[in-house]
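Structural overview for review
Now for the letters of each chain:
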Amino acid sequence: MDQLPLEGVPRRLYSCTPSRLNGWLDCPRRYRFGYLDRPAPQRGPRWAHTSVGVSVHNALAGWWREPYDRRTPATAETLLARGWIGDGFRDAGQSAAWLDRARAMVARYTATLDPADEPVGVERTVATKTSVLALSGRVDRLDRRGGELVVVDYKTGRRPLTEDDARSSLALAVYALASSRMLHRPCRRVELHHLPTGSVAAWEHTEESLERHLRRAEEIATEAAEADERYGSWAEAAGRSSRAGAGRGRGAAGNADRTPPEVPPEIDALFPPRTGPLCSWCDFRRHCPEGRAAAPDKLPWDGLADS
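Residue positions are given per chain, counted from 1 along the sequence in the order it is written. For a predicted model such as this one, the threshold for reporting local features is a pLDDT of at least 70, and the threshold for listing and counting side-chain atom pairs is 80 or more; totals across whole chains, interfaces and linings nevertheless cover every residue. Hydrogens and water molecules were not included; the side-chain quantities draw on all heavy atoms of the structure.

1. What to know about the packing of helix α1 (residues 18-26) against helix α8 (residues 207-237)
One way to put it is that α1 packs onto α8 with a least axis distance of 10 Å and a crossing angle of 70°. In terms of orientation, α1 and α8 fall into the roughly perpendicular class. Contacts from R20, L21, W24 and L25 of α1 reach α8 at R216, A217, I220, A221, E223, A224, A227 and D228. Here the contact of α1 with α8 is built from residues that sort into eight nonpolar, no polar and four charged. Fitted lines through C-alpha atoms serve as axes, helices being fitted only where they are in contact, and the angles separating the N-to-C directions of these axes extend from 0 to 180 degrees. Secondary structure elements follow DSSP: runs of H or I of four or more residues count as helices, runs of E of two or more count as strands, with numbering from the N terminus. Note on terminology: angles under 35 degrees are roughly parallel, angles over 145 are roughly antiparallel, angles of 65 to 115 are roughly perpendicular, and the others are oblique. By the convention used here, residues are in contact when the closest approach between their heavy atoms is within 4.5 Å. In the scheme used here, Gly and all other residues not listed as nonpolar or charged are polar, with Ala, Val, Leu, Ile, Met, Phe, Trp, Tyr, Cys and Pro taken as nonpolar and Asp, Glu, Lys and Arg as charged.

Put into structure tokens, the structure is as follows:
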């Protein structure tokens, strides 16, 4: 039997990132696979477009950490090549071609930056709390423009971005709110910098729109926390602990075809699959019959613009 919270005892804050909240919103089953099941189900192969994105993000973060006189497009290219991640590509030739494209991408972008315009933060963790959640995450770059802060997020996907993408982003809004609260400066502007096209999609929030995003985050957190608690009660009663599960996932067993644990129907029903085209790109696709039926398989390099 599930235990009800004691009257008058405050509920524990739901600790999360925007990615976790969006994970619940996108697909509760994938959320369970990624955040709750132990041992965690085996993921699918790495995606080439993810390798490009991580490589570019790392290079741009490293560029700002260089001494002022080394903040040049050539340095950005060097950092990109030095930290290139070659996972997910069809072959070495495709990886090399995309390395060249990514080098050109970071060189073009850094040529538009003023190396003396020091950001307030690069890959900076920001956090805030409400009566419902404790939210934290890392901002790609936090700029100071005049007396205000601006949240900058790098994007490397093939789809050009719009003002609506910036306006509707829950992550950008809560990053702005958390940055403002932590650093005691106004932060309303959020920007998506799309490196393949060099375009910037921006939105200027109001205090009211930021609060609406925060309330939305609390609504998502409340739903996810209730499901988490039910899952946790079942796992404890069944003798399943995260620590024991994590241990079983290490070593040779970590390379085995791990499958999700068997859960009773009433627990499984709390985490229904939310099927659609994104199922093609799900890391846990192999463990979800509904997802495989909803969308076709994708090759690891299919997310690249020239695939």
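2. Some points on the side chain of D140
Turning to its location among the elements, D140 is positioned in strand β3 (residues 133-145). Buried within the structure, D140 lacks any salt-bridge partner; K155 is the closest side chain of opposite charge, at an N-O distance of 6.5 Å. Under the rule applied, a polar contact is a pair of N or O atoms within 3.5 Å (in protein, one hydrogen donor and one hydrogen acceptor; residues adjacent in sequence only if both atoms are side-chain atoms). Side chain to side chain, D140 and H57 meet in a polar contact 3.1 Å long. Other than its neighbours up to four places away in sequence, D140 contacts H57, G121, V122, E123, V152, D153 and Y154. Partly exposed describes any residue whose relative accessible area lies between the buried limit of under 20% and the exposed limit of over 50%, with all areas from a 1.4 Å probe on protein chains only and scaled to the type maximum. In this tally Asp and Glu are treated as negative and Lys and Arg as positive; neither His nor the chain ends contributes. Salt bridge criterion: a side-chain nitrogen from Lys or Arg within 4 Å of a carboxyl oxygen from Asp or Glu.

3. Notes on the pairing of strand β2 (residues 121-129)
By the bridge criterion, eight bridges tie β2 to β3 in an arrangement that is antiparallel. Across the sheet, K129 pairs through a bridge with A134, a residue of β3. One requirement defines pairing of two strands: DSSP has to find at least two bridges between them.

4. Some remarks on the pattern of salt bridges
Tallying each qualifying case throughout the model produces 28 salt bridges. Residues R46 and D87 are paired through a salt bridge, measuring 3.0 Å at the closest nitrogen-oxygen approach. Separated by 41 residues along the polypeptide, R46 in the loop between α2 (28-35) and α3 (48-65) and D87 in the loop between α4 (73-82) and α5 (92-111) bring together distant segments of the chain. A salt bridge links D164 to R167, with the shortest nitrogen-to-oxygen separation between them at 2.4 Å. Highlighted residues: D164 and R167, both in helix α6 (residues 163-168), separated by three residues, approximately one helical turn. Classification of D164 by relative accessible area gives partly exposed; the value is 39%. The exposure class assigned to R167 is partly exposed, which follows from its relative accessible area of 36%. What you see here is one network of salt bridges that share partners, running through R141, D143, R145, R189, E191 and E204.

5. Section: unusual backbone geometry
With an omega of 0°, the peptide bond between R38 and P39 qualifies as cis. Mapping P39 onto the fold places it in the loop between α2 and α3. Of note, E123 is a non-glycine position whose phi angle comes to about 50°, a positive value. Positionally, E123 belongs in strand β2. The phi dihedral of H184 falls on the positive side, at around 55°, and the residue is not glycine. By secondary structure assignment, the location of H184 is in the loop between α7 (170-183) and β5 (187-194). Under the relative-accessibility criterion, H184 is labelled exposed at 70%.

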